[in-house]
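Analysis of the macromolecular model
Given next are the chains, with one letter for each unit.
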Amino acid sequence: MKISPYFYGHKTIKLMAYQLLKGKKGIIFGALDEKSLAWRTALRCFEEGAQLVLTNAPVALRMGEINKLAELVKAPVIGADVTKSEDLKKLFEDSMTHFGGKVDFVLHSVGMSVNMRKGKAYTELDYGFNQKTLDISAMSFHRVLQTAYEMDAINSWGSVVALSYIAAQRVFPDYNEMADAKALLESIARSFGYYYGMKRKVRINTVSQSPTKTTAGSGVKGFDGFFEYAEKMSPLGNASADDCAGYLVLLFSDLTKMITMQNLFHDGGFSFTGVTEAVVASMKPDQA
Ligand code: NAI
């Protein structure tokens, strides 16, 4: 059993690797830089014995960062814009050629809000921008699944996961149109999970992750306040990117083969906490 150091918050802890993904082949979307949830997950999947293909939008590949990860996890990088079906078809074709067979797991870790980028509030959405946001952040999940389904590119008992956020269920004002995108994303996991489960026993879930300091996360207005609030409102504190990676490894492994069509909260207890002492205290400045 291998023991490797992981960066956790401000300290380094040692995590054991259990070879949970030995012999499995996976495609990971969305590793932009070392903070990305997809980046941390690729490292952890590799530690657990998986063979990987990394993919991102051509514009993100031009940054070049992903090549560092590719070297670490010994994976090829195949560009694909998730809004283009032909890119996704080529991605699955090339991945299957590389692996010499079908894929066992896929991580969709992709999101972008055009209205947020342009500084537009939820009550003044530009619908052209909104269409792009929904296409990149939600319909792309359907496109990935439909491409794989038509090509029969995922092995039976394979696992597909997309990353979501609790704004799909509750209002977080500055999360803007991404709340609707995440609600759609979670709905696609349920609907496609039915068809893919019935036809090929492939499972599909979303993981609703704590706020995490990444490029996409920090793009949300007031993110630092968001992050601190969630930290105070979660009995276990916020789940880090490395914690998320560990949970995803479990979901890609055979230990979770009967879990499908779920939105799974990975948030230190935030979603089921009404209030905490720390938050109450912060409402009474004299006692804070
Ligand atoms: P990130 O910025 O590192 O990752 C987002 C990725 O989406 C980037 O790699 C970007 O290149 C990719 N992308 C954007 N447009 C694309 C396109 N057209 N084709 C292919 N790829 C494209 O940020 P992070 O936080 O790792 O985000 C990953 C996922 O996790 C997103 O779905 C995000 O909404 C979700 N999430 C993030 C949370 C956070 O607080 N950071 C919390 C909960 C969920």
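Below is a summary of the structure that appears in this document.

1. Structural notes on the overall build of the protein chain
For the protein chain, the helix and strand inventory stands at eleven helices and eight strands. Since a compact globule built from 288 residues should have a radius of gyration of about 19 Å, the 19 Å found for the protein chain is in line with a globular shape. C-alpha extents for the protein chain along the principal axes are approximately 65 × 50 × 40 Å. Here the protein chain holds 288 residues, and the buried ones make up 51% of them. A separation of at least 24 residues holds for 73% of the contacts in the protein chain among residues at least 6 apart in sequence. With the model as given, the accessible surface of the protein chain reaches about 14000 Å², and the carbon-plus-sulfur share is 56%. Across the protein chain, 33 positive and 30 negative side-chain charges occur, with their mean positions spaced 4 Å apart.

2. Some thoughts on the packing of aromatic side chains
The description of two aromatic rings rests on the distance between their centres and on the angle between their planes. Counting across every chain of the model gives twelve aromatic pairs. Taken together, a centroid distance of 6.1 Å and an interplanar angle of 25° make the contact between Tyr165 and Phe226 stacked. Here the residue Tyr165 occupies a position in the loop between strand E6 (154-164) and helix H7 (178-200), and Phe226 occupies one in helix H9 (residues 223-233), the gap between them amounting to 61 residues. The buried category is assigned to Tyr165, whose relative accessible area is 7%. In this structure Phe226 comes out as buried when scored by relative accessible area, which is 15%. A centroid spacing of 6.3 Å and a plane angle of 85° characterise the contact between Tyr229 and Phe270, whose relative ring orientation is edge-to-face. One end of the pair, Tyr229, is in helix H9; the other, Phe270, is in the loop between strand E8 (263-266) and helix H11 (277-283), with 41 residues separating them in the sequence. A relative accessible area of 40% means that Tyr229 is categorised as partly exposed.

3. A word on the environment of Ala230
When you line up the elements, Ala230 lands in helix H9. Separated by 92 residues in the primary sequence, Ala230 and Ala138 place their C-alpha atoms 24 Å from one another. Beyond its immediate chain neighbours, meaning those up to four positions away, Ala230 contacts Pro211, Asn238 and Phe270.

4. Quick word on H9
Among the residues of H9, Phe223, Phe226, Phe227, Ala230 and Met233 are the ones counted as buried. Looking straight down H9, one finds that the buried residues subtend no more than 135° of arc, so they occupy a single side. Buried-residue contacts for H9 involve helix H8 (215-218) and H11.

5. Topic: the packing of helix H6 (residues 127-151) against H7
Between H6 and H7, the least distance of the axes is 8 Å, while the angle of their chain directions is 10°. Taken together, the axes of H6 and H7 lie roughly parallel to each other. Contacts between H6 and H7 involve Thr133, Leu134, Ser137, Ala138, Met139, Phe141, His142, Leu145, Gln146, Ala148 and Tyr149 on the former and, on the latter, Met178, Asp180, Ala181, Leu184, Leu185, Ile188, Ala189, Phe192, Tyr195, Tyr196, Lys199 and Arg200. Taken together, the residues of the contact of H6 with H7 break down into 16 nonpolar, four polar and three charged.

6. A closer look at helix H4 (residues 85-99)
With 15 residues, H4 ought to run about 21 Å at 1.5 Å a step, and its terminal C-alpha atoms sit 21 Å apart, in line with that. Where H4 is concerned, the buried positions are Asp87, Leu88, Leu91, Phe92, Ser95, Met96 and Phe99. Projected down its long axis, H4 carries its buried residues within an arc of 165°, all on one side. With respect to the buried face of H4, the exposed residues turned more than 90 degrees away are Glu86 and Thr97. Buried residues along H4 sit against strand E3 (25-29), strand E4 (51-55), strand E5 (103-108) and H6. Looking one or two residues past H4, Gly100 carries a phi angle of roughly 70°, positive in sign.

The rules we used
- Residues numbered from 1 in each chain as written.
- Predicted model: local features only at pLDDT ≥ 70, side-chain atom pairs only at ≥ 80, totals over all residues.
- Heavy atoms only, no water.
- Helix = DSSP H or I, 4+ residues; strand = E, 2+ residues; numbered from the N terminus.
- Rg over C-alpha atoms; globule rule 2.2 N^0.38 Å.
- Buried < 20%, exposed > 50% of the residue type's maximum accessible area, 1.4 Å probe, protein only.
- Contact = heavy atoms within 4.5 Å.
- Areas by Shrake-Rupley, 256 points an atom, 1.4 Å probe, with all protein chains shown as cover.
- Lys, Arg positive; Asp, Glu negative; His and termini not counted.
- Charge placed at Lys NZ, Arg CZ, Asp CG, Glu CD.
- Phe/Tyr/Trp six-rings, centres within 6.5 Å; stacked < 30°, edge-to-face > 60°.
- Arc of directions from axis to C-beta.
- Axes fitted to C-alpha atoms, helices over the stretch in contact; angles between N-to-C directions.
- Parallel < 35°, antiparallel > 145°, perpendicular 65-115°, else oblique.
- Nonpolar A, V, L, I, M, F, W, Y, C, P; charged D, E, K, R; others polar.
- Expected span 1.5 Å × (residues − 1).

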